[in-house]
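Topology and contacts: notes
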Amino acid sequence: MSLFNTTYDVIVVGGGHAGSEAAAASANMGAHTLLITMNLQNIAQMSCNPAMGGIAKGQIVREIDALGGYSAIVTDKTAIQFKMLNKSKGPAMWSPRAQSDRMQFAECWRNMLEQTDNLDFYQDSVNGLIFEGDKITGVKTVLGLNIKAKTVIVTAGTFLNGLIHIGEKTFGGGRAGEGSSTGITEDLISKGFESGRMKTGTPPRVDARSLDFSKMTEQPGDDNPEKFSYLPITNKLTKQRSCYLTYTNPKVHDLLKEGFDRSPMFNGRIKSTGPRYCPSVEDKINRFAEKERHQIFVEPEGWNTVEIYVNGFSTSLPEDIQDKAIRAIKGFENVKFLRYGYAIEYDYFPPTQLKHNLETKLIENLFFAGQINGTTGYEEAAAQGLMAGVNAALKTQNKEPFILKRSEAYIAVLIDDLITKGTEEPYRMFTSRAEYRTLLRQDNADLRLTEKAFELGLASQERMDRVEEKRRKTKELISFIEKLSVKKEEVNPILENKGLTTVNQSMKLFKIAARPQLSIIDFKSINKLEQYFTENNIDNEIIEQVEIHLKYSGYIEKERNNADKLNRLENVPIPSKFDYSKVKSLSFEAREKLSKIQPTSISQASRISGVSPSDISVLLVYMGR
């Protein structure tokens, strides 16, 4: 089959985290897919830190897994350390994070993609898009090929007109050692798209053999590490590599300040906005001048490499300044650099130009995913890639788009925030962005999303069976514990051991186990419970679900009721291309914002900044509600 006479269902431009998930999703849904990337050796490269997950990001990785994506499986197979963050807080805040072996991660991703049916690969650089009127029909490459497609997903990362800055040096590139991509931005602007520039940065990589870890604080993984994927094809870690913690100090800050006049961030050469929540070290000491120290996490890049990622020291200062300043950090006195930190500027397209299915409003069959939409982070990119891949495949099959509600997934919060509010700085997910975070926990992503993935053809029967078993066992164990009466002689020794108030009569176990200081596991020695666990093969995953129900069911039910109320507004549609200028009672700002974003429902309209509750009341009256 020749590239010259094939019309693909889906062409994915770019092989990063968004592109890889997009290609896997569309191919797994039966769409004939082509992944075009500049370098097939760099598929799913971890361009920045060698880690997946973290606060809110870990929830996204679990959701990707529940929807049949690959990120969680690859992370588990290549992890060198696992931690569940925020375990001291409520379960809505628990967030899984894993350090990965960078080289194994990319290799594993490529192997999984190569084993995916309906997926072809081609190494070349796309430098143009082919349109017929307001539809996209294919792509042009640097080698001069015109490749036809029914749909195209652009996942260009930081490569669109990418510009790398180190001190006073500037050169084109999308990542260290790789060229930038030109032509796509220009084609899109010619079609009426609005574009902007963003910035991100990366810290130096150094040689572990030149560091003194005895001067740092060891940061080991969890004693009983979990994993990301809900499937049994991946295993929990039995050995782990430690990270280390050290700090900057006033001397480091003074040395860094010596280079501010040569910093592209301060001398005006970089005009674009960088990530607020992952600032460069020079930005940190400038913005937080009162702080005498900042954390530096020393992260190994893999099992068998000496390469270290210096998390917290992202910088674009000149090399000599980076060298001098980092040596003043404890443990880094004799450091050897493998490469210096740098900043990169690139084009993005404000995501208010997209529909909820990540298709562009201006050009039919053209989808955007990842940093082109103004996001930062592998997890945010991968989630968008998955959803764009699903929706591109559905478009070729003449099926309705797949759109999640904010009460169903962090992925929905991410996409809705982007297309409803837009972003002028690299967008990063946090638990605080989700109004239903008690519902959107990392432990229940499979219960929330697997059935939807199964209907799409992305989740296997095995995955669906496991979810149904988890739901059934959880329900049955809750019922058992609610009915189980325990004698004071059985529970008081357990309570005394914990230093808690004892009971003076027999009680239902669920009333005692609901105490915040206790876990169901504490009562495992009670005969009837132990027998139930053994006979029904109850694992920690089921116990965790039951624990959360016992302690938080009131909060969960309240949040579910709130979500149901707001979801009713999702069912009040706004006609497409609605003319807001004829609704004179709307404020001028509301008319302007609503006309630009063109929300599809009253609920989406209510989330647009500048649209007040009174504007929503006007719209409800106008829509006959």
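Residues numbered from 1 in each chain as written. Predicted model: local features only at pLDDT ≥ 70, side-chain atom pairs only at ≥ 80, totals over all residues. Heavy atoms only, no water.

Turning our eyes to something else, we now look at helix 2 (residues 57–66). With 10 of 10 residues buried, helix 2 lies mostly within the body of the structure. Downstream of helix 2 by one or two residues, Gly 68 has phi in the positive range, about 90 degrees. (Buried < 20%, exposed > 50% of the residue type's maximum accessible area, 1.4 Å probe, protein only. Helix = DSSP H or I, 4+ residues; strand = E, 2+ residues; numbered from the N terminus.)

Taken as a whole, this structure holds one cavity of 30 Å³ or more when the rule is applied. Considering only enclosed or pocket space, the largest cavity measures out at about 50 Å³ in volume. Around the largest cavity sit Thr 75, Asp 76, Ala 79, Phe 82, Ala 98, Glu 226, Lys 227, Phe 228, Asn 235, Lys 236 and Leu 237, which together line it. Mapped by element, the contributors of at least two residues to the lining of the largest cavity are helix 3 (71–78) and strand 4 (79–85). Among the residues making up the lining of the largest cavity, the classes are represented as five nonpolar, two polar and four charged. (1 Å grid on protein atoms, 1.4 Å probe; cavity = no way out; pocket = protein on both sides within 12 Å on 5 of 7 lines; lining within 4 Å. Points joined across faces, edges and corners; volume = space filled by probe spheres on them. Nonpolar A, V, L, I, M, F, W, Y, C, P; charged D, E, K, R; others polar.)

Glancing now at the pattern of salt bridges. Taken as a whole, this structure holds 37 salt bridges when the rule is applied. For Lys 421, the salt bridge goes to Asp 417, with nearest N and O atoms at 3.5 Å. Pair noted here: Lys 421 and Asp 417 are both in helix 10 (residues 410–421), with a separation of four residues, about one helical turn. A relative accessible area of 4% means that Asp 417 is categorised as buried. One connected set of salt bridges, linked through shared partners, spans Arg 406, Asp 416, Asp 417, Lys 421, Glu 435 and Arg 607. (Salt bridge = Lys/Arg side-chain N within 4 Å of Asp/Glu carboxyl O.)

As for its placement among the helices and strands, Met 93 is situated in the loop between strand 4 and strand 5 (95–100). For Met 93 and Val 61, which are 32 residues apart along the polypeptide, the C-alpha to C-alpha distance reads 15 Å.

Under the defined criterion, the tally for this structure stands at zero disulfides. Take Cys 243: it sits in no disulfide, and the sulfur closest to it among the cysteines is that of Cys 48, at 14 Å. (Disulfide = S-S within 2.5 Å.)

With seven of eight residues buried, helix 3 is to be regarded as a mostly interior element. All buried positions along helix 3 are accounted for by Ser 71, Ala 72, Ile 73, Val 74, Thr 75, Asp 76 and Thr 78.

Looking now at unusual backbone geometry. Most peptide bonds adopt trans geometry, and most residues besides glycine take a negative phi value. Unlike most non-glycine residues, Asn 118 shows phi in positive territory, near 70 degrees. By secondary structure assignment, the location of Asn 118 is in the loop between helix 4 (102–114) and strand 6 (119–123). Positive phi, normally seen in glycine, also occurs at Asn 537, with a value near 50 degrees. Within the secondary structure layout, Asn 537 lies in the loop between helix 15 (527–535) and helix 16 (540–570). Under the relative-accessibility criterion, Asn 537 is labelled exposed at 58%.

Next up on the list: the packing of helix 2 against helix 11 (residues 445–456). Orientation of helix 2 relative to helix 11, taken along the N-to-C sense of each, is 35 degrees, at an axis distance of 8 Å. Seen from above, helix 2 lies across helix 11 with right-handed handedness. Every residue of helix 11 that contacts helix 2 at Arg 62, Glu 63 and Ala 66 is listed here: Ala 445, Asp 446, Arg 448, Leu 449, Thr 450 and Ala 453. Residue classes in the contact of helix 2 with helix 11 are distributed as four nonpolar, one polar and four charged. (Axes fitted to C-alpha atoms, helices over the stretch in contact; angles between N-to-C directions. Left-handed = near helix turned anticlockwise from the far one by under 90°. Contact = heavy atoms within 4.5 Å.)

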